[in-house]
Every structure is written in C-alpha cells, then in structure tokens.
Amino acid sequence: MAEWIIMPKQGLQMTEGTITTWFIEEGGHIEAGADLFEMETDKLTIRIPASEGGTLLKILHPAGDTVPITKPIAIIGASGEDIAMMLASVEKGAVTPQFATPRAKMTAEQQGIPYQEVPGSGPDGLVIERDVLGYSLAASVRATPLARKLASIEDVDLVSVSGTGSHSKIMAADVRRAARRNRQSSVRGEKVIPLTGMRKVVSSRMKGSLLDMAQATHRITVDMTESVRLRDMLKEVEIKVSYNDIVLRCVARALSEFPMMNSSWSDTGIIQKEYVNLGVAVAVSDGLLVPVIKDADLLTLQELSACSSELAVKAKENRVTSEECSGGTFTVSNLGMFDIDSFTAIINPPEAGILAVGKLSRQPSVIKDEIVIRPMMQLSLTYDHRIVDGAPAAMFLRRIKELLENPGLLL
C-alpha cells in the first residue's frame, strides 16, 4: 500500500524545511533506511532516510521548495500502484493521513503498535517517537480497572502516577491525588505588575546608559582599619558618622583631584565640572532614587553625614524634590547593608562614573608576611571610557583607597 512521505520535524522550533536534493528520481526503487532526500533548516542541512522501502511513485515537491512540516512531499509504494485518489486529495487540499515521523513508525513497529492508533502530540497531530513510547508505557502500567477508568475521566497520564498498591500498582486514590495536583497546578499562572512611572524611568535610563556609553569597570580591595578607628574615635565624642559617609568624603576629595571623573560627555566636547555634586543611590519601595549632595567637596565629614542622612530619609518617605535629585556629577551606590561583597553598578547618565561599595567584613590579610584579620571592603568603579581612559580611572580608584586607608589625609 502506498505511503505518504512527509517533511520531518528536526527541531523543537522548526516549522518548515527546504528540500535541496532528491537522491532518487520518480520511478526509482529505494530501500528503507537509504537516503531519500536532503533538507535544509534554519540551522543545518541533513539527509533524510526513507521510512519505507519501495518505488518513489510521485515527488510532490521538487528541490528548492520550502514545505511546512507534516505536509506530504512524496508517495512511496509498489511499482505500478494506482495513486490517483491520493493525488486527487492533494489537489483538493484534503490530505488527512495519520502523520508520523520515521522514528515514530520504526519504534511503533518494534513495539508491535499500530502507529495510526497513537494520539499525536506534534503539530497538526503529528505522531512522534515520544508519543509511541508513552503509548507503550501506558499499556504496560499496572493499575486497577477503577484507576484506569478514573484516569480516563480526569485526563490523568497513568505513566506519571506513582502507585501505592501491591507491587506499586496504581490505585484509584493515587489517580485522585494526581488529578487534584493537576488541578491545583493549572490555576497557578502569572500576574502582570504594572510599570509605575518610576520603574519606567529607571528602566529607560539604565538601558540608555548601557547603550550610549562605553562602560568599563575597575575593582579594588580596601583595608578599612584606619577608617574604623576614625569612626570609633568620633563615636566616643558623640559624633555619629557612617562608613558610607567616610566613603563619600573620600570620593568628594578624589573627584576634586581628578576632574575628568567629574565630567560628562556632549556632542560638542567633554564638559568638565568645577563643582562636585555627589549622588547617593537610595533604594525605595518601588524603585531607585539618587538624591544629590551639592558642593560635597566643600563640606566637612559631619556636614556631609548630616546632608546624606536627611536626603536618604526624605527619599524613603517620598518627600525628596526633583531639584534635590538633579545636577549630580558622580554617584556612589552602597549595597553593603544587604550583605553584598561587591557588584558592578550602571552609570547614572550623564555622569562619567559610579562607585559601587560592598560590605565591610573581617578577612585575613597579609601584612609584612604575616596573616592578620582586618576589616576589608570591596570597591568597584564603573566609568565612561569615552571620557576617561583606564589608567586615570585606576589612579582615581587608588586615590579613594589611599584616603580610606589614611583618613588623616582628609584634614
């Protein structure tokens, strides 16, 4: 009996293939398993063997045709066999054979299963090898008659059910549990969280930052021993400052010494700022705000600490103004309070750089060939390589390290 030859599915995303070569001419004989034609997908070119032996009675699509998968491309049968009705159904577009891949047919034959009886899970009901194997497994599953009846009613695949009966036989209760689990799983879906104005702005600015700038990153480790000592000394005289305040003070000083890090890019040239306006990234409930400490390089450590604290509180209470979040020349982002060792921050445009500050933690360090425990901190500098080259950026970061390790230099 004549058999349809269909365009096989070679990948999960494949929907069609292009026939490049027929190895057998119409009327020629071919053995099952011999190369019948060559097809090209969007990823590869592959030779397809004949799933049936016989005479190639009709080529429906010559070389060069692009054909959807599961569609007939040829007919193989006995020499001289009448295929007029098959050709007529092709002309009318009413071809309705039970499609199956060559591997599915071969597996079905080995298992002694008529592939026409196997429900297909592929496109347009195509029977694939997995369907045949699943059909075979389902037939061999040990289950009570009631369990099989319930599985049919509840649309439960017995192969996926663990049996609790004797010798792992599937009982009715096992099917009920599986059906209940399937129903619970089916109601768990997705939900859409509307984009707020702030989320949209953050998304747009960060994406634009990465697209428009040549961002590069340097990292450095800082021994915070002296900064810790300074903070403790101030604490003894009831002057409260945070480690981040000390970082801000050191960054403000370094920016005044490395003006190219305090610049921005424009089509007419690099704009170098004579003032240091330091942005401090603050996480809020629905996004990120960066209030700006104006003229940060002119403030004392205490003044800078007070200003930073006030702006952070206003940001979290949604009281910060647009004026207080504009005009920044450089930003510091600290995630140390979230137990983050180090990270890479994205530049807040149009600034030339951003410093990412990790947590302060006690770690082993080698001092004069001896291992000692010191409070250490990771700093990561992201900078716009259009404005600043690697070496000056490295010197800027090294200067911040030097100031943090020797805070007396701030006096």
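As the structure is a computational prediction, the values presented were derived from the model and not from experiment.

With respect to the overall build of the protein chain
The number of helices and strands found in the protein chain is 10 helices and 18 strands. For the protein chain, the C-alpha radius of gyration of 36 Å lies well beyond 22 Å, the compact-globule estimate for 411 residues. Dimensions of the protein chain along its principal axes, counting C-alpha atoms only, are 105 × 60 × 50 Å. Across the 411 residues in the protein chain, those meeting the buried criterion constitute 42%. Put simply, of all contacts in the protein chain between residues at least 6 apart along the chain, 59% involve residues at least 24 apart. For the protein chain, the accessible area works out to roughly 23100 Å², and carbon and sulfur atoms hold 52% of it. Here the protein chain carries 44 positive and 51 negative side-chain charges, and the mean point of each set is 8 Å from the other.

Regarding the nonpolar core
Ranked by internal contacts, the top residues of the largest apolar core, which has 44 residues, are F330, L355 and L379. The element contributing the most residues to this core is helix α8 (residues 243-257), with eight residues. Each residue touching L355, except ones within four places of it in the same chain, is listed here: V247, V251, F330, T331, V332, S333, L379, S380, L381, L397 and I400. In terms of nonpolar packing, the next biggest core, distinct from the first, is built from 18 residues, W22, I24, I48 and I76 among them.

Focus on the sheet that holds strand β8 (residues 72-77)
Taken in spatial order, the four strands of this open sheet run β1-β8-β6-β3, and their pairing is antiparallel. In this open sheet, the two edge strands, each paired with only one partner strand, are β1 (3-6) and β3 (29-30). Sheet topology note: the β3/strand β6 (residues 54-59) ladder contains two bridges and is antiparallel. Note that in β6 the partner of I30 across the bridge is G54.

Re the layout of surface pockets
Approximately 690 Å³ is the volume found for the largest pocket. As for the largest pocket, its lining consists of 29 residues, and the residues nearest its centre are N244, V280, A281, N334 and M337. Looking at the lining of the largest pocket, the elements that each hand over two or more residues are α8, β13 (282-284), α9 (301-316), β16 (330-334) and β17 (353-367). A total of five residues in the lining of the largest pocket trace back to one element, the largest contributor, which is α9. Taken together, the residues that form the lining of the largest pocket break down as 15 nonpolar, 10 polar and four charged.

Re the domain arrangement of the protein chain
Along its sequence, the protein chain is organised into domain 1 (3-96), domain 2 (141-185) and domain 3 (198-410). Inter-centroid distance (C-alpha atoms) of domain 1 to domain 3 is 66 Å.

Digging into a nonpolar patch on the surface
Residues M260, W265 and I270 make up a contiguous nonpolar surface patch of about 250 Å² in total accessible area. Among the structural elements, M260 can be located in the loop between α8 and β10 (263-266). Exposure remark for M260: the relative accessible area of 33% places this residue in the partly exposed category.

Notes on the pattern of salt bridges
Counted according to the given criterion, the structure contains 16 salt bridges. Residue E26 pairs with K58 through a salt bridge whose shortest N-O separation is 4.0 Å. Of this pair, E26 sits in the loop between β2 (16-22) and β3 while K58 sits in strand β6, placing them 32 residues apart in sequence. A relative accessible area of 41% places E26 in the partly exposed class. Note that D35 and R47 form a salt bridge whose closest N and O atoms lie 3.5 Å from each other. Here R47 lies in strand β5 (residues 45-49) and D35 lies in strand β4 (residues 35-40), a separation of 12 residues in the sequence. Residues participating in the shared-partner salt-bridge network are E257, R399 and E402.

Each value, and the rule that gives it
Residue positions within a chain follow its written sequence, with the count starting from 1. A pLDDT threshold of at least 70 governs which residues receive local features in this predicted model, and a stricter bar of 80 or more applies before side-chain atom pairs are shown or counted, although totals over entire chains, interfaces and linings include all residues. Each side-chain value is derived from all of the structure's non-hydrogen atoms; neither hydrogens nor water enter the calculation. Going along the chain from the N terminus, every DSSP run of H or I of four or more residues is numbered as a helix, and every run of E of two or more is numbered as a strand. Note on method: radius of gyration uses C-alpha positions; expected globular size equals 2.2 Å times residues raised to 0.38. Summary of the burial criterion: residues with accessible area below 20% of their type's maximum are buried, those above 50% are exposed, and those between are partly exposed, where the area comes from a 1.4 Å probe applied to protein chains only. Two residues qualify as a contact provided that any one of their heavy atoms is within 4.5 Å of a heavy atom in the partner residue. Only the protein chains shown count as covering a residue, and every accessible area follows the Shrake-Rupley method with a 1.4 Å probe. Only four residue types enter the tally: Lys and Arg on the positive side, Asp and Glu on the negative side; His and the chain ends are excluded. Lysine's charge is taken at NZ, arginine's at CZ, aspartate's at CG and glutamate's at CD. What we call a nonpolar core is a set of buried Ala, Val, Leu, Ile, Met, Phe, Trp, Tyr and Cys residues that are connected through their side-chain atoms within 4.5 Å. Strands qualify as paired when DSSP identifies two bridges or more between them. Grid spacing is 1 Å over the protein atoms alone, the probe is 1.4 Å, and a cavity is where that probe fits but cannot get out, while a pocket is an open set with protein on both sides within 12 Å along at least five of seven lines and lining residues have an atom within 4 Å of a point. Grid points are joined across faces, edges and corners, and a volume is the space filled by probe spheres set on the points. Throughout, the ten residues Ala, Val, Leu, Ile, Met, Phe, Trp, Tyr, Cys and Pro are labelled nonpolar, Asp, Glu, Lys and Arg are labelled charged, and all others, Gly among them, are labelled polar. In this entry, domain limits derive from an automatic or database-based domain assignment. Patch membership is restricted to residues that have no salt bridge and whose relative accessible area is over 30%. Joining uses 9 Å for like charges and 5 Å for the nonpolar side chains Val, Leu, Ile, Met, Phe, Trp and Tyr. Between Lys or Arg on one side and Asp or Glu on the other, a salt bridge is scored when a side-chain nitrogen of the former is within 4 Å of a carboxyl oxygen of the latter.

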